[in-house]
Amino acid sequence: MMSNDFEEAFGNFLDRTEYDQAANALFEITRAAFQAGWLAAGGQPPVPQKLFQLVRPGETPPQDGEEERDEQQEKQAP
């Protein structure tokens, strides 16, 4: 077990913006390397997904799959 001084200094280090930036960069590198291996092994590329959708007040948000059906129907309409 480390000293309280060490734990406090480490906690302060983890709270810094520089740590967040470094951790995000490592995550992005790791994900890119995994994706490259995945694709090289014949895996399918990830499908882009919506993270969120804005809904106007009074509107009912579409249920899963509803929006895709609406888009397909719009494409088929003359």
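In this text, all values refer to a predicted model and were calculated from it rather than measured experimentally.

Caption draft 1: Spotlight on the overall build of the protein. Scanning the protein from terminus to terminus reveals 3 helices and 0 strands. Seen in sequence order, the protein has helices and strands lined up from the N terminus as α-α-α. Out of the 78 residues in the protein, the part that is buried amounts to 0%. Working note: accessible area of the protein is about 7,800 Å², and carbon and sulfur atoms make up 56% of it.

Caption draft 2: Representation of the pattern of salt bridges. Scanning the entire structure with this criterion turns up 2 salt bridges. Of the charged contacts, one joins Arg-16 and Glu-18 as a salt bridge, the two residues approaching to 3.3 Å between their closest N and O atoms. Given the relative accessible area of 47%, Glu-18 is considered partly exposed. Note that Arg-56 and Glu-59 form a salt bridge whose closest N and O atoms lie 3.6 Å from each other. In this structure Glu-59 comes out as partly exposed when scored by relative accessible area, which is 42%.

Caption draft 3: Looking closely at the packing of aromatic side chains. For the structure on display, the rule yields 4 aromatic pairs. On the numbers, 5.5 Å between centres and 65° between planes, the contact of Phe-13 with Tyr-19 is edge-to-face. Through successive ring pairs, a cluster of aromatic residues spans Phe-6, Phe-10, Phe-13 and Tyr-19.

Caption draft 4: Molecular detail of a nonpolar patch on the surface. On the surface, a cluster of nonpolar side chains totalling about 530 Å² of accessible area is made up of Met-2, Phe-6, Phe-10, Phe-13, Leu-14 and Tyr-19. Ranked by residue count, the leading element in the nonpolar patch is helix H1 (residues 4–14), at 4 residues. Along the chain, the position of Met-2 falls in the segment before H1. The exposure class assigned to Met-2 is partly exposed, which follows from its relative accessible area of 46%.

How each quantity is defined
- Residues numbered from 1 in each chain as written.
- Predicted model: local features only at pLDDT ≥ 70, side-chain atom pairs only at ≥ 80, totals over all residues.
- Heavy atoms only, no water.
- Helix = DSSP H or I, 4+ residues; strand = E, 2+ residues; numbered from the N terminus.
- Buried < 20%, exposed > 50% of the residue type's maximum accessible area, 1.4 Å probe, protein only.
- Areas by Shrake-Rupley, 256 points an atom, 1.4 Å probe, with all protein chains shown as cover.
- Salt bridge = Lys/Arg side-chain N within 4 Å of Asp/Glu carboxyl O.
- Phe/Tyr/Trp six-rings, centres within 6.5 Å; stacked < 30°, edge-to-face > 60°.
- Patch = residues over 30% accessible without salt bridge, like charges linked within 9 Å, V, L, I, M, F, W, Y side chains within 5 Å.

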